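Here is what each chain is made of, one letter per residue.
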Amino acid sequence: MQVTTKAIVLSTLKFGDTSLIVKAFTFSDGLKSYLLKGVLASKKGKLKSAYFQPLTQLEIVANHKNKGTLETIREVRVSYPYQSLHFDISKNAMTMFLAEMLTNSIQEEESNEGLFYYVESALQWLDTNNQITNFHIYFLLDLTKYLGFYPDVTHISRAYFDLLEGEFIDIANLNPNISGENINYFKRFLGTNFDAIHNVKMKKVDRQQLLQTIVLYFELHLQGFRKPKSLAILNEVFS
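Read on for a plain summary of the structure. Source: prediction; values computed, not measured.

Each value, and the rule that gives it
- Residues numbered from 1 in each chain as written.
- Predicted model: local features only at pLDDT ≥ 70, side-chain atom pairs only at ≥ 80, totals over all residues.
- Heavy atoms only, no water.
- Helix = DSSP H or I, 4+ residues; strand = E, 2+ residues; numbered from the N terminus.
- Buried < 20%, exposed > 50% of the residue type's maximum accessible area, 1.4 Å probe, protein only.
- Contact = heavy atoms within 4.5 Å.
- Axes fitted to C-alpha atoms, helices over the stretch in contact; angles between N-to-C directions.
- Parallel < 35°, antiparallel > 145°, perpendicular 65-115°, else oblique.
- Left-handed = near helix turned anticlockwise from the far one by under 90°.

## Thoughts on the environment of Ala172
Step number 1: Positionally, Ala172 belongs in the loop between β7 (167–169) and β8 (177–178).
Step number 2: Assessed through its relative accessible area of 40%, Ala172 is described here as partly exposed.
Step number 3: Separated by twelve residues in the primary sequence, Ala172 and Tyr160 place their C-alpha atoms 6.4 Å from one another.
Step number 4: With residues near it in sequence (within four places) discarded, Ala172 still touches Tyr160 and Asn177.

Structural data, given as structure tokens:
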């Protein structure tokens with residue numbers, strides 16, 4: 001079946017000498033993997049490897065057989081041309097990290113319009129704003145709304161957050177938890193929005209620690225989740 005849909009590139013893998021396997025999150029069908037034959041060798045073809053950088057927003061015409069095999073792309077164009085995301089060093093490091101997090105988190109092979117709109121609009125915000133130091137933390141926390149494990153804020157005044165149960169508690173237990181200074185930062189991110197994330201002032205050590213804790217939160221709630229290799233690079237850029 002031929003489908004025209006928006007798609008966000010999550011990852012690419014070189015296949016042979018001239019081809020790519022592209023994993024993308026599509027508006028129409030959720031997670032899809034495509035085989036782009038000869039794309040690295042062709043200079044005149046409609047498909048060019050430059051279109052498939054991490055988190056590029058595309059509109060594609062694709063053949064979807066929906067049989068669990070690699071699909072094919074017939075036509076492609078950039079639906080939202082980034083102005084800074086792939087050129088600014090800090091934003092590029094964040095892009096690589098978030099692409100890996102999304103690749104390891106999105107598993108649905110069916111349409112999820114709310115999740116798609118969220119990722120699409122958040123990346124456009126990142127592209128057009130400069131106060132981005134806390135973007136990845138807020139983005140990941142808000143992302144859990146669409147993945148099904150957003151923190152239960154019913155008792156947000158309590159002193160600890162149980163990462164395994166996803167709720168605030170009065171007394172620390174044996175489960176991994178957030179406490180101390182980071183519980184205050186965590187609560188502030190839960191009560192803000194993208195335009196106010198720069199108001200959460202943090203030391204780099206606290207930011208890195210909270211980010212590692214959020215990655216652990218994903219690991220505890222998503223089966224088969226793998227820690228992103230690009231986390232170390234991100235910490236280096238923002239150190």
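## Comments concerning unusual backbone geometry
Step number 1: A positive phi is found at Leu55, a non-glycine position, where the angle reads about 70 degrees.
Step number 2: Along the chain, Leu55 turns up in the loop between β3 (30–36) and β4 (57–63).
Step number 3: The class for Leu55 is buried, based on a relative accessible area of 0%.
Step number 4: The phi torsion at Asn66 lies on the positive side, around 55 degrees, for a residue other than glycine.
Step number 5: Mapped onto the elements of the fold, Asn66 is located in the loop between β4 and β5 (72–80).
Step number 6: On the basis of relative accessibility, which here comes to 41%, the residue Asn66 falls in the partly exposed class.

## Some words on the environment of Tyr185
Step number 1: Checked against the element boundaries, Tyr185 lands in helix α4 (residues 180–190).
Step number 2: By relative accessible area, which is 10% here, Tyr185 ends up buried.
Step number 3: Between the alpha carbons of Tyr185 and Asp88 there is a distance of 27 Å; along the sequence they are 97 residues apart.
Step number 4: For Tyr185, the contacting residues outside a window of four places in its chain are Val200, Lys201, Met202, Asp206 and Leu210.

## Concerning the packing of helix α3 (residues 135–147) against α4
Step number 1: Where α3 contacts α4, the two axes come as close as 10 Å, and the packing angle between them is 65 degrees. Comparing the axis directions of α3 and α4 gives the class roughly perpendicular. Crossing hand, α3 versus α4: right-handed. Across the interface between the two elements, Ile137, Tyr138 and Leu141 from α3 touch Phe186, Phe189 and Leu190 from α4.

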